[in-house]
Each structure stands twice: as C-alpha cells, then as structure tokens.
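Examination of the molecular architecture
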Number of protein chains: 2
Amino acid sequence: MSIGKSVPRIDAFEKVTGRAKYTDDLVERHALIAKVLHATIAHGLVTHIDTREAARIPGVVQILTCFDVPDIPFPTAGHPWSTDPTHQDPTDRKLLNRHVRLYGDDIAAVVAQDEVAASRALRAIKVDYETYPFLLTPEQAMQEGAPRIHEHCPGNILKHTAMEDGDFAKATEEAGLLHFEETYETPIVQHCHIEPAVSFAYMEGGRVVVVSSTQIPHILRRIVAQALGLPWGKVRIIKPFVGGGFGNKQDALYEPLNAYLSLRLGGALVKLELSREELFFATRVRHGMQIRLSSYLRPNGRLVARQYTAYSNQGAYGSHGHSIAAKGTNVFRQLYQDEKARKLDIFTVYTNTATAGAMRGYGTPQTVFAIESHMDDMARALNLDPIDFRFMNLMPQGYKDPFSKNVNYFDSFQQCVEQGKAYMHWDEKRQAYQHQSGPLRRGVGMALFWYNTGVWPISIEVSSCRMVLNQDGSVQVQLGETEIGQGADTIFAQMTSHTLGIPLEAVHVVSTQDTDITPFGTGAYGSRQSYVGGMAVHKTALILREKVLSLAETYTGMQAASLDICGGIIVLRSLNNKPVMSLGELATEVLYSPVHAEHLTAETTLQAKSNAYSFGCAFAEVEVDMPVGKVRLLDMINLHDCGKLLNPQLAQAQVHGGMSMAIGYALSEQLLYDTLTGRLLNGTFLDYKLATIMDHPRLAAAFVENYEPSGAYGSKALGEPPAVPGAPAIRNAVLHATGVGIPRIPLTPHVLVPAFKQAGLI
Amino acid sequence: MSIGKSVPRIDAFEKVTGRAKYTDDLVERHALIAKVLHATIAHGLVTHIDTREAARIPGVVQILTCFDVPDIPFPTAGHPWSTDPTHQDPTDRKLLNRHVRLYGDDIAAVVAQDEVAASRALRAIKVDYETYPFLLTPEQAMQEGAPRIHEHCPGNILKHTAMEDGDFAKATEEAGLLHFEETYETPIVQHCHIEPAVSFAYMEGGRVVVVSSTQIPHILRRIVAQALGLPWGKVRIIKPFVGGGFGNKQDALYEPLNAYLSLRLGGALVKLELSREELFFATRVRHGMQIRLSSYLRPNGRLVARQYTAYSNQGAYGSHGHSIAAKGTNVFRQLYQDEKARKLDIFTVYTNTATAGAMRGYGTPQTVFAIESHMDDMARALNLDPIDFRFMNLMPQGYKDPFSKNVNYFDSFQQCVEQGKAYMHWDEKRQAYQHQSGPLRRGVGMALFWYNTGVWPISIEVSSCRMVLNQDGSVQVQLGETEIGQGADTIFAQMTSHTLGIPLEAVHVVSTQDTDITPFGTGAYGSRQSYVGGMAVHKTALILREKVLSLAETYTGMQAASLDICGGIIVLRSLNNKPVMSLGELATEVLYSPVHAEHLTAETTLQAKSNAYSFGCAFAEVEVDMPVGKVRLLDMINLHDCGKLLNPQLAQAQVHGGMSMAIGYALSEQLLYDTLTGRLLNGTFLDYKLATIMDHPRLAAAFVENYEPSGAYGSKALGEPPAVPGAPAIRNAVLHATGVGIPRIPLTPHVLVPAFKQAGLI
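**Here we look at the environment of Gln758 of chain A**
By the element assignment, Gln758 of chain A lies in helix H20 (residues 749-758). Note: C-alpha distance between Gln758 of chain A and Val740 of chain A (18 residues apart in sequence) is 9.7 Å.

**Some thoughts on unusual backbone geometry**
Residues and elements named next belong to chain A. Going from Ile745 to Pro746, the amide bond is cis rather than trans, its omega being 0°. Along the polypeptide, Pro746 turns up in the loop between helix H19 (726-738) and H20. Even without a glycine there, the phi angle at Asn156 is positive, about 60°. Mapped onto the fold, Asn156 is located in the loop between helix H5 (138-142) and strand S7 (157-165).

**Some points on the relation of the copies chain B and chain A**
Its rotation angle being 180°, the transformation that places chain B on chain A also includes 0.0 Å of axial translation and leaves an RMSD of 0.0 Å. Viewed as a symmetry operation, the transformation between the two copies matches a two-fold axis. Same-surface contact between copies: 100% of interface residues of chain B are shared with the interface of chain A.

**Focus: helix H15 (residues 488-500) of chain B**
Since the α-helix turns once every 3.6 residues, residues separated by three or four places project in the same direction. Across its 13 residues, H15 of chain B extends 18 Å between first and last C-alpha, which sits within 8% of the 18 Å expected from 1.5 Å per residue. Taken across its 13 residues, H15 of chain B has 13 buried, putting it largely inside the fold.

**Details of the sheet that holds strand S21 (residues 563-566) of chain A**
Residue and element names in this part refer to chain A. Spatially, 3 strands are ordered S21-S22-S23 in an open sheet, and the strand pairing comes out antiparallel. If you trace the sheet from one side to the other, it starts and ends with S21 and strand S23 (578-582), each paired once. Averaged over all pairs of adjacent strands, the angle between their axes in this sheet comes to 40°, without regard to strand direction. Where S21 meets strand S22 (residues 569-572), 4 bridges bridge the pair, whose relative direction is antiparallel. Within S22, the residue paired with Cys566 across the bridge is Ile569. Packed on one face of the sheet, helix H17 (residues 583-591) meets S21, S22 and S23 and runs near 35° to S23.

**Observations concerning the sheet that holds strand S2 (residues 44-50) of chain A**
Residue and element names in this part refer to chain A. As summarised here, the arrangement of the 3 strands in space is S4-S2-S6, forming an open sheet in which the pairing is antiparallel. Each edge of the open sheet carries a strand with a single partner, namely strand S4 (99-100) and strand S6 (126-131). Here S2 pairs with S4 via 2 bridges, running antiparallel. Within S4, the position partnered with Gly44 by the bridge is Val100.

**As for the domain arrangement of chain A**
All names here are of chain A. Once the domains are mapped, chain A shows domain 1 (12-132 + 197-273), domain 2 (289-455 + 610-758) and domain 3 (462-607). Each of domain 2 and domain 3 was reduced to a C-alpha centroid, and the two centroids are 40 Å apart. A class-by-class count of the residues in the side of domain 2 that touches domain 3 yields 11 nonpolar, 7 polar and 2 charged.

**Some words on the nonpolar core**
One broad trend across soluble globular proteins is that nonpolar side chains are buried collectively. Ranked by internal contacts, the top residues of the largest apolar core, which has 487 residues, are Ala109 and Val224 of chain A together with Ala109 and Val224 of chain B. Among residues more than four places away in sequence, those in contact with Val224 of chain A are Val208, Val210, Val235, Ala252, Glu255, Pro256 and Ala259 of chain A.

**With respect to the interface of chain B and chain A**
With 44 residues of chain B in contact, the opposing surface of chain A contributes 44 residues. Among the secondary structure elements, those contributing two or more residues to the side of chain B that touches chain A are helix H1 (12-17), strand S17 (462-469), strand S18 (475-479), helix H17 (583-591) and strand S24 (601-607) of chain B. In terms of residues, the side of chain B that touches chain A owes the most to one element, S24 of chain B, which gives 4 residues. Considering only residue class, the side of chain B that touches chain A consists of 17 nonpolar, 18 polar and 9 charged.

**Some points on the environment of Lys757 of chain A**
Residues and elements named next belong to chain A. As for its position among the elements, Lys757 is in helix H20. Residue Lys757 is classed as exposed on the basis of its C-beta count, with 11 C-beta atoms lying within 10 Å. Distance from Lys757 to Met392, taken between C-alpha atoms, is 34 Å for residues 365 residues apart in sequence.

**Structural notes on the packing of helix H10 (residues 322-335) of chain A against helix H11 (residues 364-382) of chain A**
Residue and element names in this part refer to chain A. Interhelical geometry of H10 versus H11 gives an angle of 40° and a closest axis separation of 8 Å. Of the two elements, H10 crosses H11, and the hand of that crossing is right-handed. Between H10, through Lys327, Gly328, Val331, Phe332 and Leu335, and H11, the contact on the second element is made entirely by Thr364, Gln366, Thr367, Val368 and Ile371. Partitioned by chemical class, the residues of the contact of H10 with H11 number 5 nonpolar, 4 polar and 1 charged.

**Structural notes on the pairing of strand S9 (residues 198-204) of chain B**
Residue and element names in this part refer to chain B. Across the 7 residues that make up S9, a large majority, 6, are buried. Note: S9 against strand S12 (residues 270-273), 4 bridges, orientation antiparallel. By the bridge assignment for S12, Ser199 is matched with Leu272. Of the strand pairs in this sheet, S9 and strand S10 (residues 207-212) are connected by 6 bridges, and their pairing is antiparallel. Each bridged residue has a counterpart across the sheet, and for Tyr202 the counterpart in S10 is Val209. Taken together, S9 and the strand that follows it, S10, pair antiparallel across an intervening segment of 2 residues, in which Gly205 is found at a positive phi of about 60°.

About the criteria used
- Residues numbered from 1 in each chain as written.
- Chains lettered and ligands numbered in written order.
- Predicted model: local features only at pLDDT ≥ 70, side-chain atom pairs only at ≥ 80, totals over all residues.
- Helix = DSSP H or I, 4+ residues; strand = E, 2+ residues; numbered from the N terminus.
- Least-squares fit on C-alpha atoms with pLDDT ≥ 70 in both.
- Contact = placed C-beta atoms within 7 Å.
- Expected span 1.5 Å × (residues − 1).
- Buried ≥ 20, exposed ≤ 12 C-beta atoms within 10 Å, placed from the backbone.
- Pairing = 2+ DSSP bridges.
- Axes fitted to C-alpha atoms, helices over the stretch in contact; angles between N-to-C directions.
- Domains from an automatic or database assignment.
- Nonpolar A, V, L, I, M, F, W, Y, C, P; charged D, E, K, R; others polar.
- Core = buried A, V, L, I, M, F, W, Y, C linked by C-beta atoms within 7 Å.
- Left-handed = near helix turned anticlockwise from the far one by under 90°.

Structure, rendered in structure tokens:
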C-alpha cells in the first residue's frame, strides 16, 4: 500500500551518485560531431552558400546546406498523430531552411570528426543573403503590407479563432454596467532545463536509430520518419534518463536533422548537442502574449459580459501553434462565469523570433496572468476584497464543462483559498498594508487557476503498459510514459505495488523507452502521465493479477475469488489473509511447469475518455523597494487540489519547482530582441535572469486532497499547475503594496520605476 | 513467402561493416578491469594468499580471494531450471575455489583501473598450496584410493547409469554368434569460437546488470542470482551480438564472479574478459570419452546384442555433467536395432582437467565416432559393404522411439545415403581402392547419425515471443532465443514474414535479449531454436494476424474470415486477393482511433511437447601418406534431413561450419596435459591444431527435405548435427585406404605411424 506515501524516488541512488546515464553519457567516443550553422539575419533568403573553404578543413566529413535537404515540410509539435488532416499540426519547416525566418535559423550543418573541426568549419562557411524586413511582434507581423514569413500564410496569422457565448453586444447594453478594459502582456521566456537538447543517431539494419533526450519518444519516431520521408517503422527512438524538459522536449528539436546527417553518411554515428546559447534561440520558448480584456459588470461586482482578445507570438515556425492560445481561452471561459455573454478572438501570429512551443502550463500562465490581474484591478476599482470578488463570479461547485465533461465536484477553490488565507494571514495583512508610505511597502496578493488533466477530448489519450513477472515475484513495468526528472517512474512503481499487492522494491520500472519494444504512450506532457499512465498501470496490473490468481487456483485448489495478493504473497481472504504461496513460487512453478509452462506477462492499451479539473491558487507576500523599483518576495504558498496525493514529497517537489518558474516569470525572466537586427539580446545565463535560490523565500506547498473519481488512483494534474498562479499572485501583491496595477511581467525596475513615477509615488 | 528462400542474413550489413556491437564494444572506457588468478597446481588446497604487495600496486581497486567469497555452491549448466530437485544440475563450484581442482582453477580475482595494473597485481599475489595427487583421466580418478576431487563424491564418479534392454546375458548365449569388442577414444577439444568469454557488470536501481556474450540470457540470470544468493529478479542479463559459442556459452562462465566483483564495489562498472589462453583451460571443453563396444552378431551381419560402456571425462566441475554421456546412449539405443538385447553402463567422472560442458553435438560426436567406427570394423571383418551392413541393422522406417516419441517417417537414412553414394561414386571407389600399395593410398568412408531437435522430454521446452506492429505495417519480433552467429534472427524474420503475410524487410527482429523485457526463452542449444522458437513465432504471428483481421472487419465491413494478409496488404480472398487496406493503414487507424485506440501487439508462451529426429550422414575421401602418417582429406559431403529447409544458404553455411569442426576433431584437435604437472600443454592457437581452410577440401552439403510434421515450419535440428558424422567418416575412409582401423581420434601421425608399423605397412 505505497500509494500516498512519500517513498524515496526509485531513481534517487542513480541520480545522486551520478550513475544515471543521460544521452551524452551513452554516445561512443568515436561519434562524429554535428553542428548547425545559424543565420545572421532575422528575415530573408539565403542566395548562396560557399562551403569550399570549410570543406578543406581537416576532419570535416560532411557539409549540408539548405540547398541539399529534402523538400519535405514537417511538423514538430509533440501531439498525438491525428488521422484527421484538419487536426494535424502545421508543417512549415524543413531540415534546413533557405527562407530565413529568425536570427539564428538553421541554414547549414557540418559533420566533423571533432568539436574543433566542426566549429572551424562553421566559421569558414560564407553565406550570401537577400534580406527582408523582420517582424518581432504580432502587431508588426499583422500590419498591412508586412512581408510574409511563410509563403502560404497571408497576414502572418497562423490561425485565428473567434467565439461568442451568448449575445455579447446585447449583454453590454444593460444599463448601469461598469466597464473595465486593459491589455496585459507576458514575456517570451525559455524553459532552461538542465540537460540541453542532445541526440545521437546511427543506422542499424537499414533503419535509423535516434537516442535523444526527449519527452515524447513515440511521437518523435513519427516526426523523424515524416521529416525524412521514411515509413514510420524505419525509425527507432531511444530515450535514456532525461535532465528536464518542461515542454521544450515535447517537440521534435534537432532529432530529424541529426537522423538525416547520419543517413547521408550511410548510417555513421553522429551526435548533435546544442549549447546553452543555442537553446535560447534555436529550440522553443513560451509564447509571449498580449491579451486585451474588456469586462462589463454591475457595481455589486457581478460579471455580466467579458471580451478576450489575445495575440500569441508564435515566432518563426508553427510548432504547437494555435493550441496554446486556444488552451488559454478555456481558462477564460470556465474560471469565471459571466452572467450573460463572452466573446473571444485569438490570433496566433508568426514573427521573426524564436519558435514558441509547449512550456509548463501551455498557454495558461499567460491567460491566468491576464485574467487574475484583471480581477484584482477591477476589485480594487470596486473596492471589493479581491477574493470576495472572485467568489462572486467563480465557477461554482457542481459546474460541469460541456466540452471536457470536467466537474467541479467539491468546490476545491473554496478549500484551497481558505488554507491560503490562513497561511498568509490574509485578512490581517490586507488590512495592515492598506495605507503605507515610505520606500519599502508590503502587500499580499493571490491568484486562482484551474488546469486540465491530459488532453482528452482535444486529442486522443492513449497509454499502453506491459508487465513482466519474475520468478521472485518482482515485476518489470514498461510504459511509453516518460520519466524526465519529475518522478513519474516512482509513481508508476507505487501504483503497480498497490494494485498488484507486491512490495514497492519488487517493482522495476523500465525507465528507458525504446520505440521498438516499449508499449505505445504519448509521453510527458499535459500533466497526463499519473492520470492516464496510471490508468494503464492499473488496468495492466489487474490483468496480471487475474492471471496469477487464476493459476493460483490451479496450484492451490482454492477458488481465485477467495484469493488475494498481499505483500507479494498469495493469501486466502476469508482466513484473515492466511498465506498460501508466494507470488515468486507461483511464477517459478508456472514458468517451469512440464504441464503448462507460461512466462507470465500482461500488456494492454488504455484509452482514457475523461479529463479532470485540477484546481489551485497561489498567495504571495512582497516587499517593494519603491525608489529602485525592486520587488522582494517575502513569502509564497501554492495550494493545489490535485486529487489524491500519490507521493506527498514528490508532489511538494513538483510544486516548489513550478513556483520557482513562476517567480522568474513574474520578476525577472524575458527574452529581449534587438530592434535593429532582430537578434536575441540576452540568450545566455549571464544575461537571462532565471530565478535562483537567491530570489526565493521559503516556498510553501499545501494540498487539498479531493479524490478524483475518474482516475484509477484518485489523482489529477500536478505537473504543470504549480507554474501557473504564481506570477499574477506576485503582481497582485505589488498592486496591494503600491496601488499600481502593472499590466505586464516581468516586474523589473525598468517597468516599475516609470510606473511608480507616473503614479506620483516616487 | 520467404520460407525456403536463401534470403540474405538480416544482420549481414552490420556484421560485414563492423557496425554490429559485441559485448566489448559496449563497455564504457572507464570500466574497471577484472582479472582472475589461476592456480599453478592441478590439485590441492590453497592454504594462504598474500595480497599485500599486490594491493600496493597503483590502480588496484579490489583483490578478492577464495577466502572472501560467499559459501554458496552453484550450478553452471545452461539447462532450464527444474523445480524437481532430483533433476537439477550439480552445484559444486564457488565463485573462487580454495580446493584447487585443475591447473588454472580460479583462486583469486583482481579489479584494477586498467589492464596493466590488474596484470601486475596478479603477478604480485603470493599463494601457498597444499598439493594432492592429480587425476587426468577417468581411469585414474576411479582407481581405488584416488583422492576425492569433490568432497561429497566418493570414487569421483559424478554419476553412473546402467541400463539393459532385454536380457543381455541370455542373448549372448545364442549359438554361433560372432563377437567383436573394441574401445574407442575421443579427445578433449575446445569450441574455439571467435569472440572470447566476455562480460561486464554494474548495478542499477539496486540490481545487478550483466552484459554478456552468452547463448542463454534467461538461464544465466537464474544462475547469477543463485551464485550470489540474490532473488532472481535482482539480476538482469543483456545479450548483445555474440561472436560464436558452440555450447561453451551455454554455461555460466565468469558472469557470476563478474557480478559479484561489481556488487562488492557498490555496483561499479567492472569488465571481465578472458584471453584466448584462458578460454582453453578455464571455460569449457568437450568431454573426452572412452567407449567400449562389445557386439554379438550372426555371421550374416545381424546384430543380436551389444554392450556399451562409456567413461566420460567431466574435468574439474560438474557443468552439464552426466547429461552429455546420457545423450550419447540414446544414439546407441536407437541408431541400430539389436535383435535381442542391449546393455549400457555410463560413468561421468571428475578429473583434474578442464571442465567439460556442452559442445556442438552434446555427447553425440563421441558416441557416433565409437559406434560408426565399430560398424565399419565389423563390416570389414565380415567382408560386408559397410553401408549394406548398416542397413541390415538400422533403425527402420516407421520406427517410433517410446521415450521421445520421435518417428522415422520417411526412411531418411536411405535417402541421404543414396545421395551420398552417388556424390562420392561410392561403389566405384570402394572397388577401385581395394588393393593399394605404395606411399599414397586412398579410401572412402562414411558414417550415419541421428540427432534430436530440442530437449523435450528430458527438460521442458518453452519459448515465448512478442510482436509489436508499427504504423507502417512492419513488426518488431522479440524472443528469448538467441542469435549467436548461426542466423537464427534471419530465420525468425522469415517465419514472421511468412505467417503474418508481410514482406521480409518489414520484420525487425530484436537481436539483443534483455531479461527484464525479453519474453522468456531458454536460448541457443539443443538445435532447438528454429523448431521450438519457430513454433513460438508461429503462434504469436497467428494471434497478431487474428487481431488484425478482426479489426479489419470493423474497418472494412468485410468478414474476418474472408480476409487475408498478403505482402503487407489486407486482401479479400474470395476476390482473388483484391486489396482492401494496407496493414500499415489499419495499424495507424487503430492506434489513433478516438473510438477504440490500441497499440497492436501479441505475446504468448509456446510450450513444445514434441521432438523430432534429424538424420544424416557424411561421406569422406582421403589420401593417406603412409610413411609420414598424414591424412589428406580429398573430398567430403554431409547429407542432412533437417526437414524443410528454411533458408538453404544458411543451412549450407551451418553444415560447412559443422564439417570443419568434424575435420579438426578427426585429424588434429586435442587438448594435451602434462603428466608431471597436470598443466594443459597446448592451450594456445599456436599449439592447438584447429582445422583451418588449409585443411579443408571443397565441402559439399546436400539435403533431403522431409517436412517435419511436428514443427510449425517443417524444420528440424540442423545447428549441431553437421558436426557429428564427419570424424568417423574420415576415420572409416582411412580404414578403407589402409586396412587399419584406428580406435581413436585425432588421426595424427603420432597415432598412425605406430599403427601402420604394427600392421606391417611401413
């Protein structure tokens, strides 16, 4: 019964001792080294590439340019494939691109015997360009006459969606309504996982093998095959231990190019590892968004109608595209309930910046920042307590979303907020900090959110699992769902132990996915793994259990229905769990039976057709140094209803990590572009201000455990949610401290000082 | 329909280009190096080991002596485990042994940072012994008063079996019987596979992982666990490409010690690779045997009663033990049919020589040498054509063995012999070479044999298989049965292609076994894999096919019974195989179905409860240089009824390899011991005279294809049989050429010159 216990991570020893093998640990030393030549213009056309000098550098094995790659545009997003063409991801990128769409676009690649030769060759390649005007923001990109970033895409709008619930125009005509409107902006940020994007590729038996640090091995197989024009079965992906991804590795990054470079060399072993600097501009980032909120409400605080208009900066290539802006709109439509109408317009727009993809929260951090900032702005204007104001309009207990069928069974918001208020001494501090002057001012703020668990019904939710019983009663568990540092393997081990009735240490989770043999699963994203993967583990364990008990009936003469497995022992339920034989004995007898020998395994596919609301909030207390515009975070707590806690300590670690990302998002992180060249200005760890331990107060995490009935173990999303509510909570605390509602993050001195000046505070 | 075609090996490209990864290719360079200290006495006791000087050598990490290892005697034979204790292998060896039982026994091990430090340390270890008299032959070992090699084993007889069919004593009393008696001897030989015994071990997740060049990964897992006293599930074995084994790797060799050395170092990566010289004395060899045949027959050539007395030299440790001598007796009892009675006594005897284990033919090369030499000796004495004489007494068509239930359905002997006679121009040459004089004399000889297919009913026969369908209609196939160079993976691919109805190139056989995930199979031995593994492939492919056609019914509206799969396309049988949809389309639709998503796989265990006679013979022509006693092999053909030929070219390659081993066995190979020290004299490739291409004439292989009804694809044993009949055929050709019937192999000048002198020929 290990569910709900803080058992240590099953990979702790390997990771702490440095024995865990990551992708780069596995590549043989004789591997050829690939490096990518990045464009030095932000928008234009490569007219000519001169590789002659580079080719003469000793050790250079191959130079490939954008003139040499197959004319196969391919998608990169880590979404399950859809056989419905209208539901497939944009295919707008080739292995190397002649049309340069961002400063740093991939225009050539070098393969050499070592790093030095590869780097020298990159420097020796001469490129001629024809340059176009570049476009850094959706606003610029949507302007009349703006150059097209993708030929097929007029106006540079990857996609536009308009929705209206009720009659918005009519609703706003109600007499006496107050109207608030503000435009909120969130920055482009990067995931900053520890392990860079790294892969190596080779051929074996006429097939391409790619070993990669990825969240999505099975999806990656499909994408690599598509990019290279190969049948999918000709590609094999292997995923070793992964040092973090946060969504960046929920995309095909350089694996297709890496595979192609090997294929062009007859299958030679080629490694492609990005530098930290390349990660910033050449992998994925979180979409910067501009969200205009226009709200009509009665003086008592009741929302009547709201309008949501969002511009999502897609950057140079499609990647996850419109899904991210679309996901944000779900929050808008469900978190607060307008009495009469809602209207939405969302635009995902190509620009000449880094390609935006999936990142922890998947559109939600942006939307929740806008919505929750707006709620506080309105509460302040109405002189209402922001929490009271929220609850007047909040998704009520019992609410069921008609699309996802998600139900708010327990009024988890109330339960989370109560705990948060108590922790933060909310009422006292809201009062105490009301009238401050002087250079240091304190405030408390909060923000709510909800999050989905998995992606049904937008995409399919499939997870397969296989279990192999050993002769000592232990089992191996294989899933397509990936451990990327978050502790998934430990959770799967706990689940297996629980359902099969064996000790935790008797569960061996196969952490390495190999698409040749690993049961299909779509991987780490959408906060889906414990929920969907958990259902697959549960279903498979029950199949294995049934096989075991049925055979135990043969061997013990006892009815299977009377038997159970407890602690790895087959027991008689009616006799107070009296031991009958061990699972290991049974497995041994069965495997070596001269009468009926069987290797006991179980395998099945689980298709989830459910989803679940995960709820929560953050409370933050800040101290603002007014003259210098510096925010110091004094205290912060996240409260989550993620259902049953599978492993409290792991859950807490998830929350702490998410809070740290939220702190950086609120206070310091943003990618900045040079408006003269279109080049990324701060894509290094010296210049990009990732939140560190020096920026953190003690981080508190607390939970409301409302057992989720649709799941196998009562859990729901916790992977991404912790990153969502922190930024608006901090922003609202600054509002409380200063009276100034900043409509953008990060809250740097560059933003705060002018705002405080404008407000006459300094 | 690839069964029966000479398709190229699926691993040909990897192996020819050097890309195939063998065990040593996979070990990381920072691995610690283990080396074993071998005793320098042949029998005695280690009284003291001084490791102080060795421990001071820089780079030495660990020194382990026979005083430090667990007191757990363990078995090493690659047999399936039996839950019946009376059917288990001898457990008479520890990881390191204080009681030295052969010159070269393992008494200590060193782990160091590199080869040099490890070798220096070995030289610096000082050992004190108490010496006992050593025993090199069963005769010496069985003498009254001989010291015990194993404490529990009086008389050094590992096992003795006596059998009698009919009343032997009474049968021999028949009046007018002729009596022939001779003692035949076969040498101790070594497998001489290309890749040495090599493994590396480390710990992961509290479990021991051993990567090893083995024929039997699943069995090895059990043995390593037993040797270390661990639950079996705590051990994981991985088998990469293997460069040959021939039965030597059907034993646990140094894997248990390697695992223990890693475990003692907290799971550090430790590699243990043997030198060629160590392979000769410290791994396994083929049992040398002394077989006395005593035959009673009528003057017309009809056998009435025979007696078979065999002494099998087990060497120092039990390994496969008595099974090998026992297997030989089956040949004796079934190949020729005595009219009245048979009597057998077989002894397996410990000696202070290299441990004898499994080697291609498993006791049969020895027994067949004795029986077939004896038949020729008697035919000559009776002045009968040796083939006619054989057929007077041979197992008749329709014969069914009461124990194995094997049936000689087709009189395959007749069919093979007819072809062989024709190829060799037997009648003409028997005539032409009858009266020769002068220094060069020619002769033709032949020998028959039969062989089992697999090990049922002596042991269980189990093979499991899993197939994974890809979205392009290709499949991965996983089996516990191992490719060790013989072409098994190619055969499994052909079978899968055949039964599933997909192109051969759409089958991807997973060549690497990993006991954590690979379906259980016992591995490469007993010429079982195509037969038993083939049944598993067949059963699994049918399960997958049924799943596919049932789903195709859903997707196409056509009855599954009307559908078939041809060339990877689902077709309508009644409409002349009109295509309906491709397997790949179906797999894609099913995997991504929003209604019923499924990752299509199939897995099952096959238990074979059958066996099959494989038949054949060899014909050889020799030229004997009388004065120097040198035999030149002029021509040789093997003829096999191995059922349906799955891949003629691979079959031919198997036969050629076996013939080469038989040539060495007949003419040059033997391990010789120094009678003064008990040390192996010729355990190097300079001194051990392995047959090479220079010793071979053109080797001819021909087949009789009698479809074996008990198998899934009509095939039966061909792995080992080719090595069996060659030596007696050559020996009988020398008899024909010279009139001298030599009762021992190899037929070196040291044997022939004295024999020719004694016969007055030189």
